[in-house]
Amino acid sequence: MSQTELFRKAGVEEYDLYTLKATVNEVQLRGFEIEIIRGPVESIGYTVRVLSRKGQLTGLGQSSCSESSKLEKCINDSKYLSQLNLQKTKYEFPSGKKDKETKIADSQILKGSEELVQTYTDSLLKNLKAETASGLSVKPTFGKIRTYVLETHLENSVGLEKEKIETYFYLELALKVSSGTKLAEFWPRKYSRTIDDLAPEKVLPKWIQLARGTLKAKMPVSQKMTVILNPESVCDLLVPTIGFHAQGEMKFKKQTVFNKEDVVACDCLTVQDDGLHDFGLVSSPFDDEGNPQGKTTVIEKGVFKNCLYDQKYALNMGEKPTGNGLKSLAAVANIMNKHTVPVGGAPTNLSVEPGKSSLETMISEVKKGILVEQFSWLNPDRLATTFSSEIRNAYMIRNGEYTQVLKGGMVSGKVFDMIKNISGISNQQFIESGATAFSCISPYIRFEDVQVAGK
Amino acid sequence: MHASTKLDNVFDLLEYAGNEMEGKVEYWDALFDSQSSCSISKDNVDERIVLPELTGIQLRSFRNGVWRSASTYKMDESKLKEMAKRLVKSRQKAEREIKLNYLNPLRLDVTMPLKKNPDDVSLESKIEDVRSFHDAALNLDKRIINVQTRYLDSRIERIFMNSEGSSMRQVVTRTRLLMFPIARENNKIRMDYVSLGGAKGYEVVDETDFDAVAKKTVDSSIELLNAKTPPSGEFPVVVDSHMAGIIAHESFGHGLEADQVVRKRSYLAGLIGKQVASELTTIIDSSKVPGGHGSYVFDDEGIPAKENILVKNGILERFLTDRFCASVLQCENTASSRVESYLTKHFVRMSNTYFAAGNMTLEELLEPIKKGVMLVHSNFGMEDPLGGGIQCTSTKGYMIEHGKIGAPLTEISLSGNVLEVLKSIDGVGKKLEFGLGTCGKGSEDLVPVGDGGPYLRIQRAIVSGG
């Protein structure tokens, strides 16, 4: 029986069916050795949403399964849930609007992941051994090298039918450096769409430098000072906070402090939600409800401009959906289980418009401050936008020069106060994943008068 | 065939896959994983009911010191044969010879007991209870602009077979009930939360006094509206049981996971038998805590759950191990190998990690502190297994002034060196309490865990807050 017939048999008129097929190949390292070769790791997930109506009320039920043979049960469960779940808010499935193109797949990963992971691993180890041979010894204690191929199919009862194939590459590496009894490490974790973006020769030199530097690290003193955050930290600072308060849903629920045309940041800050940025980590022609993804200006020169809408809150607030109905990935989420996550409003790729200064110029202008390359976990409170996070790898800056590597101590503050006190944005953007947020496109940002805590 | 239709078929399938590898590798195991859950979330606008499910098989082989694994959702012999064929083909070889310790085969079939199985409660009743819990918080204070409530039950069935002849099955059900009241006054928005549950059944809901829990959680969110930003710097610190648990787990426990020791990535390597904490301190990891969120019957390598004393009176006693690490380090297997699902790798993980109780009251702990900070209700933490650093963040806190609890503070992070902090514990409370959460190793591979302890007094630690 076809899927359409299964819905008909269950007496379901309004529905969508989201199917995600994922294949992962991976090598994990222990030191310079291979600990495990994983693959193929294959999963499939079907998620059914059924819409019921009773007068002015609508109910949406969702159920998932991992076998096509269970789809009939899944449909019946979703139908039952939708009848228990009748609410005053409106909903209807979107019809198929035309999507714009964006690049989301790496042809190398599509061609052959298992061999590619092995080749990459060989190259990584070769580069690491070469680096280790020169200067202070840097060794990997462990690593993860992983490819994902994801095939998504989405169809609904109003004729929408869309599909996409996308790829991810994940690299996690713990680089240890030792001298006598002193130990230090740099522990980066990065997603990209393509394997070339994280090629060993591109990423290792800086990571090794950071590992070596941390051996001489000290803790900062407690003081307010200038703080420059790297793009990864900006991702974790801004996506959970601006991304949360910009949601139409939060406007509807009165949980945002953003109002249209309010000045919310300094005039040097422009932030867009760019769902079509080539190889952006949440780029896609369409969102997880089938609406086309696009580009929405959230903050323009410090002024809050537009909310981001999924289908539900667009309908309930008389707005148009902006392609932000997503099965949102936190940085810790298992991509392979994405189908089980309910659709809700979420940013795609928040993109911070670059400034005019180079990073070097921004550093040279600092009288006393720090540049943070990595926090242990920058995880701000989405509502209050406060945070306090331990420094893992940073540099002390005095009179425009690096003077000391830092580890330990904390940077803390309130994000929505900090974005009013930006004194510089660098002129180059990077596609980044963070430890809290999955995607951002950002330069380095310099903030003034930020609390640093230490001994 | 269908995964969950007939158990015999699953055992047959795993045995079939094992037979395909038998004699061709040094060790193999096969894990069937079936997870189903019911999630109901409600706030003032939305009500969301989701029934996710995940089923599949992971095969693993070990040869020449290297593991191989493959996973599939397809429950058929031809797929398993194809996977097994790949797993026996690996040409990789470790630099040194590593032999896995042989363990006696076990046969077990245990469903963790529950007072009330969530499967026996109708969906309508569950929804009704979530609505009642939500409504209990609704009109307590006009500054509460939204109340998020969530119910979650999950049933994990795992069947394990290996080349030693073990054949085991466990079913573990976990139930949780959560509330997040959101308080707003002008542009200030704050939220505290409550999280109840564990490896328990629907009694988690039945035994909760909705009105009392809602009132306490709402009051805490409201209190945060007027909380001040914490001071930054070094202070005497008192932490509650939630924060004690997160220190035991995140800051200390991750360094005790023996895979970090084997990787030469643990600040605790070489410290067995040495003083790592004050002599008032005993830290335990136990997968046998009744109802503990991290409890199980056996780990994902077929080792029955254990209570492991990690630190006794300040002396480091043992690392947490899996089959590989126990073999390499020639130490006891602590039943600590866990997977998130059939899709993820086995790692050494904690279960329920906690400080043992001491003999002091909270008043006695606070009494000598002239000016200090109290951290209450954990929010999150992050490990630093090589550096031994701390990042533990509370939801709220209080100033301690002249031995008394003073003004409320917003979220506070604790930083510094974990061994310095543990050695400076000079007071341990008498009441042990557990919290529950989800642990990622680094930033992925999420497993349910419990953690806890009594109130602890730390002579000096670095704190800061946003």
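Residues numbered from 1 in each chain as written. Chains lettered and ligands numbered in written order. Predicted model: local features only at pLDDT ≥ 70, side-chain atom pairs only at ≥ 80, totals over all residues. Heavy atoms only, no water.

**Student:** So what's going on with the overall build of chain A? Which residues, and what values?
**Tutor:** Across its full length, chain A holds ten helices and 22 strands. For 455 residues, the compact-globule estimate of 2.2 N^0.38 gives 23 Å, and the C-alpha radius of gyration of chain A, at 24 Å, lies within 12% of that figure. With the C-alpha coordinates aligned to their principal axes, the bounding extent of chain A is approximately 70 × 50 × 35 Å. Here chain A holds 455 residues, and 65% of them are scored as buried. Taking the contacts inside chain A whose residues are at least 6 apart along the sequence as the reference set, 73% of them involve residues at least 24 apart. Carbon and sulfur atoms make up 49% of the accessible area of chain A, which amounts to about 16,200 Å² in all. Across chain A, 58 positive and 55 negative side-chain charges occur, with their mean positions spaced 5 Å apart. (Helix = DSSP H or I, 4+ residues; strand = E, 2+ residues; numbered from the N terminus. Rg over C-alpha atoms; globule rule 2.2 N^0.38 Å. Buried < 20%, exposed > 50% of the residue type's maximum accessible area, 1.4 Å probe, protein only. Contact = heavy atoms within 4.5 Å. Areas by Shrake-Rupley, 256 points an atom, 1.4 Å probe, with all protein chains shown as cover. Lys, Arg positive; Asp, Glu negative; His and termini not counted. Charge placed at Lys NZ, Arg CZ, Asp CG, Glu CD.)

**Student:** I'd like to hear about empty space enclosed by the protein, residue by residue, with values.
**Tutor:** Scanning the model with the defined rule gives five cavities of 30 Å³ or more in all. Approximately 300 Å³ is the volume attributed to the largest cavity. As for the largest cavity, its lining consists of 23 residues, and the residues nearest its centre are Arg-49, Leu-60, Lys-312 and Val-343 of chain A together with Arg-48 of chain B. Where the lining of the largest cavity is concerned, the elements lending two or more residues are β3 (57-65) and α8 (311-317) of chain A together with β2 (47-51) of chain B. The dominant element in the lining of the largest cavity, judged by the number of residues it contributes, is β3 of chain A, at five residues. Residue composition of the lining of the largest cavity, by class: six nonpolar, eight polar and nine charged. (1 Å grid on protein atoms, 1.4 Å probe; cavity = no way out; pocket = protein on both sides within 12 Å on 5 of 7 lines; lining within 4 Å. Points joined across faces, edges and corners; volume = space filled by probe spheres on them. Nonpolar A, V, L, I, M, F, W, Y, C, P; charged D, E, K, R; others polar.)

**Student:** How would you summarise the domain arrangement of chain B if you had to cite specific residues and measurements?
**Tutor:** All names here are of chain B. When its domains are assigned, chain B resolves into domain 1 (7-225) and domain 2 (233-465). One C-alpha centre belongs to domain 1, the other to domain 2, and the line joining them spans 22 Å. Across the contact, 49 residues belong to domain 1 and 40 residues belong to domain 2. Roughly 3,600 Å² is buried in total at the junction of domain 1 and domain 2, and carbon and sulfur atoms are behind 58% of that figure. (Domains from an automatic or database assignment. Buried area = accessible area lost by both parts, 1.4 Å probe.)

**Student:** I'd like a description of the side chain of Gln-374 of chain A, backed by residues and values.
**Tutor:** Residue and element names in this part refer to chain A. Here Gln-374 lies in strand β15 (residues 368-375). Residue Gln-374 is classed as buried on the basis of its relative accessible area, which comes to 4%. For Gln-374, the residues in contact, after removing those within four places along its chain, are Phe-186, Trp-187, Pro-188, Arg-189, Glu-232, Ile-391, Arg-392 and Asn-393.

**Student:** Give a description of the sheet that holds strand β11 (residues 303-304) of chain A that names residues and reports values.
**Tutor:** All names here are of chain A. Taken in spatial order, the six strands of this open sheet run β11-β10-β9-β14-β21-β20, and their pairing is mixed. Of all strands in the sheet, those with a lone pairing partner are β11 and β20 (430-432), marking the two edges. Direction of pairing for strand β9 (residues 271-274) relative to strand β10 (residues 295-300): antiparallel, over a ladder of four bridges. Note that in β10 the partner of Gln-272 across the bridge is Thr-297. Relative to strand β14 (residues 350-352), helix α6 (residues 231-245) is tilted by about 120°, and along the sheet it contacts β9, β10, β14, β20 and β21 (440-442). (Pairing = 2+ DSSP bridges. Axes fitted to C-alpha atoms, helices over the stretch in contact; angles between N-to-C directions.)

**Student:** So, the interface of chain B and chain A: which residues are in play, and what are the values?
**Tutor:** The partner chain A presents 89 residues to the 88 residues of chain B that form the contact. Applying the counting criterion to the chain B and chain A interface returns 15 salt bridges. Between Lys-144 of chain A and Glu-444 of chain B there is a salt bridge, with its nearest N and O atoms 2.9 Å apart. Of the residues forming the side of chain B that touches chain A, the biggest block, seven residues, is contributed by strand β4 (residues 66-72) of chain B. Looking at the side of chain B that touches chain A residue by residue, the classes come out as 33 nonpolar, 28 polar and 27 charged. (Salt bridge = Lys/Arg side-chain N within 4 Å of Asp/Glu carboxyl O.)

**Student:** Give a description of a positive patch on the surface that names residues and reports values.
**Tutor:** Residues and elements named next belong to chain B. On the surface, a cluster of positive charge is contributed by Lys-24, Lys-81, Lys-85, Lys-89 and Arg-91. Among the secondary structure elements, Lys-81 is positioned in helix α2 (residues 77-87). Note on Lys-81: relative accessible area 41%, which makes it partly exposed. (Patch = residues over 30% accessible without salt bridge, like charges linked within 9 Å, V, L, I, M, F, W, Y side chains within 5 Å.)

**Student:** With reference to specific residues and values, describe the sheet that holds strand β12 (residues 307-312) of chain B.
**Tutor:** Residues and elements named next belong to chain B. Spatial strand order, β13-β12-β11-β16-β23-β22: six strands in an open sheet with mixed pairing. Lying at the two open borders of the sheet, with one neighbouring strand each, are β13 (315-316) and β22 (433-441). Relative to strand β23 (residues 444-453), helix α6 (residues 241-256) is tilted by about 130°, and along the sheet it contacts β11 (283-286), β12, β13, β16 (352-355), β22 and β23.

**Student:** Tell me about the pairing of strand β17 (residues 401-406) of chain A, and name the residues and values.
**Tutor:** As paired strands, strand β16 (residues 386-398) of chain A and β17 of chain A are joined by five bridges and run antiparallel to one another. Residue pairing in the sheet places Arg-398 of chain A in a bridge with Glu-401 of chain A of β17 of chain A.

**Student:** Any details on the environment of Thr-58 of chain A? Residues and values, ideally.
**Tutor:** All names here are of chain A. Along the chain, Thr-58 falls in strand β3. On the accessibility criterion, Thr-58 (8% relative accessible area) is buried. Sequence separation between Thr-58 and Asn-85 is 27 residues, and the spatial gap between their C-alpha atoms is 7.7 Å. Not counting the four nearest positions on each side in its chain, Thr-58 is found in contact with Leu-51, Ser-52, Arg-53, Asn-85, Leu-86, Gln-87, Thr-89, Lys-90 and Tyr-91. For Thr-58, the side chain forms a polar contact with the main-chain oxygen of Thr-89, separated by 2.5 Å. (Polar contact = N/O pair within 3.5 Å; in protein donor to acceptor, adjacent residues only side chain to side chain.)

**Student:** How would you sum up the state of the cysteines? Please name residues and give values.
**Tutor:** Scanning all chains against the criterion turns up one disulfide over all chains. The side chain of Cys-266 of chain A participates in a disulfide bridge whose partner is Cys-268 of chain A; the two sulfur atoms lie 2.3 Å from each other. A torsion of -50° about the S-S bond marks the disulfide between Cys-266 of chain A and Cys-268 of chain A as left-handed. Left unpaired, Cys-325 of chain B is separated from the closest cysteine sulfur, that of Cys-331 of chain B, by 8.0 Å. Judged by its relative accessible area of 2%, Cys-325 of chain B is buried. (Disulfide = S-S within 2.5 Å.)

**Student:** Could you give an account of the pattern of salt bridges, naming the residues involved and the relevant values?
**Tutor:** Pairs can form between side chains of opposite charge once their charged atoms are near each other. Scanning all chains against the criterion turns up 65 salt bridges over all chains. A salt bridge links Glu-42 of chain A to Lys-79 of chain B, with the nearest nitrogen and oxygen atoms 2.8 Å apart. One end of the pair, Glu-42 of chain A, is in strand β2 (residues 33-54); the other, Lys-79 of chain B, is in helix α2, on a second chain. The pair Glu-42 of chain A / Lys-79 of chain B is uniform in exposure class, with both members buried. The partner of Asp-153 of chain B in a salt bridge is Lys-126 of chain B, with the nearest N and O atoms 2.9 Å apart. One end of the pair, Asp-153 of chain B, is in strand β6 (residues 144-162); the other, Lys-126 of chain B, is in helix α3 (residues 123-138), with 27 residues separating them in the sequence. Connected via shared salt-bridge partners are Glu-26, Arg-38, Lys-144, Arg-146 and Glu-172 of chain A together with Glu-444 and Asp-445 of chain B.

**Student:** Describe the side chain of Ser-221 of chain B, and please don't skip the residues or the numbers.
**Tutor:** Locating Ser-221 of chain B in the fold gives a position in helix α5 (residues 210-225). If near-sequence neighbours (up to four positions away) are discounted, Ser-221 of chain B is found in contact with Ile-144, Pro-181, Ala-183, Arg-190, Met-191 and Asp-192 of chain B.

**Student:** A description of the nonpolar core should follow, citing residues and the corresponding values.
**Tutor:** One finds Val-239, Phe-252, Leu-268, Phe-355, Leu-375, Leu-414 and Leu-422 of chain B to be the most contacted residues of the largest nonpolar core, which totals 61 residues. Take this core: its biggest share by element is seven residues, from α6 of chain B. Shared between two domains, this core holds at least three residues of each, these being domain 1 (7-225) and domain 2 (233-465) of chain B. Judged by nonpolar contacts, the second largest core, of 54 residues, contains Ile-242, Ile-370, Phe-375 and Val-415 of chain A. (Core = buried A, V, L, I, M, F, W, Y, C linked by side-chain atoms within 4.5 Å.)

**Student:** Before we move on, could you go through helix α5 (residues 200-214) of chain A and cite the residues and values that matter?
**Tutor:** The end-to-end C-alpha separation of α5 of chain A is 21 Å, in line with the 21 Å expected for 15 residues at 1.5 Å each. Among all positions of α5 of chain A, only Pro-200, Val-203, Leu-204, Trp-207, Ile-208, Leu-210, Ala-211, Gly-213 and Thr-214 of chain A are buried. (Expected span 1.5 Å × (residues − 1).)

**Student:** Just give me the short version of the environment of Asp-33 of chain B, but keep the residues and values in it.
**Tutor:** Residue and element names in this part refer to chain B. Relative to the assigned elements, Asp-33 resides in strand β1 (residues 27-42). Judged by relative accessible area, which is 0%, Asp-33 ranks as buried. Sequence spacing of Asp-33 and Ile-159 is 126 residues, and the spatial spacing of their C-alpha atoms is 6.8 Å. If near-sequence neighbours (up to four positions away) are discounted, Asp-33 is found in contact with Leu-54, Thr-55, Gly-56, Ile-156, Glu-157, Arg-158, Ser-341 and Tyr-342.

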